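For reference, the chains in residue letters:
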Amino acid sequence: MIYSHEVEHMCVVKKGANHASAPIPEEGKWVRAKEVKDISGLTHGVGWCAPQQGTCKLTLNVKDGIIQEALVETVGCSGMTHSAAMASEILPGKTILEALNTDLVCDAINTAMRELFLQIAYGRTQSAFSEGGLPIGAGLEDLGKGLRSQVGTMFGTLAKGPRYLEMAEGYCTRMALDADNEVIGYEFIHLGKFMDDVKKGTDANEALKKATSNYGRFAEAAKYIDPRHD
């Protein structure tokens with residue numbers, strides 16, 4: 001240890017106060033975290049790249065400092081899906097400190113990891129007050145049936161108004177308008193359910209009917225439009 005000349009010539013003043021770190025909530029327990037292995041919890045966070053052309057939602061399930069589960073969801077940049085594929089392989093097995101200092105290929109994923117680290121280190125996880133935490137695989141439950149991310153895509157212009165392209169429920173096929181041309185509902189296809197049925201051998205047209213539903217006062221519409229072509 002190297003000390004400056006000024007410090008070398010200082011007299012010693014004894015340290016009296018020696019307070020422990022504040023406890024943080026972790027999986028139903030209060031923990032005074034001193035080392036990486038003291039950290040556990042499941043949490044989500046979002047990140048963005050420098051040009052802000054894409055974003056990443058990252059979900060991690062950490063047990064005793066080790067990442068056991070990672071869900072990487074990306075929006076807005078085609079290259080991010082390849083980065084996400086690599087990140088999903090890189091992250092499990094690393095400590096949260098290792099992951100924070102690992103190149104996760106894409107800036108948005110790196111930023112998401114930074115934001116998650118803060119939540120985890122400060123005891124702000126989703127499972128902070130869940131006894132025993134959440135099981136490995138809990139991240140997939142957020143995706144629901146069909147294991148697809150919940151993505152909404154809307155477009156609007158002053159001249160022609162809004163277009164619903166994709167709702168959290170699924171791919172939008174028709175918008176329902178009333179007599180004043182105001183939106184009162186929409187029809188959608190749950191693509192996860194559709195693909196599951198097709199994989200099981202169901203006829204595609206029959207599977208499409210089963211996976212199609214609607215929301216709002218869809219049946220009362222004065223007219224219907226295709227949001228992609230009308």
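Our structure is the block above this text.
Note that the structure is predicted; figures quoted are calculated from it, not measured. (Residues numbered from 1 in each chain as written. Predicted model: local features only at pLDDT ≥ 70, side-chain atom pairs only at ≥ 80, totals over all residues. Heavy atoms only, no water.)

Caption draft 1: Highlighting the side chain of aspartate 197. Along the chain, aspartate 197 falls in helix H6 (residues 191-199). On the accessibility criterion, aspartate 197 (12% relative accessible area) is buried. When sequence neighbours within four positions are dropped, the list of residues in contact with aspartate 197 reads Thr202, Ala207 and Lys210. (Helix = DSSP H or I, 4+ residues; strand = E, 2+ residues; numbered from the N terminus. Buried < 20%, exposed > 50% of the residue type's maximum accessible area, 1.4 Å probe, protein only. Contact = heavy atoms within 4.5 Å.)

Caption draft 2: Summary view of the sheet that holds strand S3 (residues 41-48). In spatial order, the strands read S3-S4-S5; together these 3 strands make up an open sheet with antiparallel pairing. Edge strands, defined here as strands with exactly one partner in the open sheet, are S3 and strand S5 (66-75). Between one strand and the next, the sheet's axes are offset by a mean angle of 15 degrees, whatever the strand orientation. Here strand S4 (residues 55-63) pairs with S5 via 9 bridges, running antiparallel. Bridge pairing links leucine 58 to valine 72 in S5. Taken strand by strand, helix H2 (residues 78-90) contacts S4 and S5, and its axis lies near 175 degrees from that of S5. The sheet contacts of helix H4 (residues 107-121) involve S3, S4 and S5, and relative to S3 the element is tilted by about 140 degrees. (Pairing = 2+ DSSP bridges. Axes fitted to C-alpha atoms, helices over the stretch in contact; angles between N-to-C directions.)

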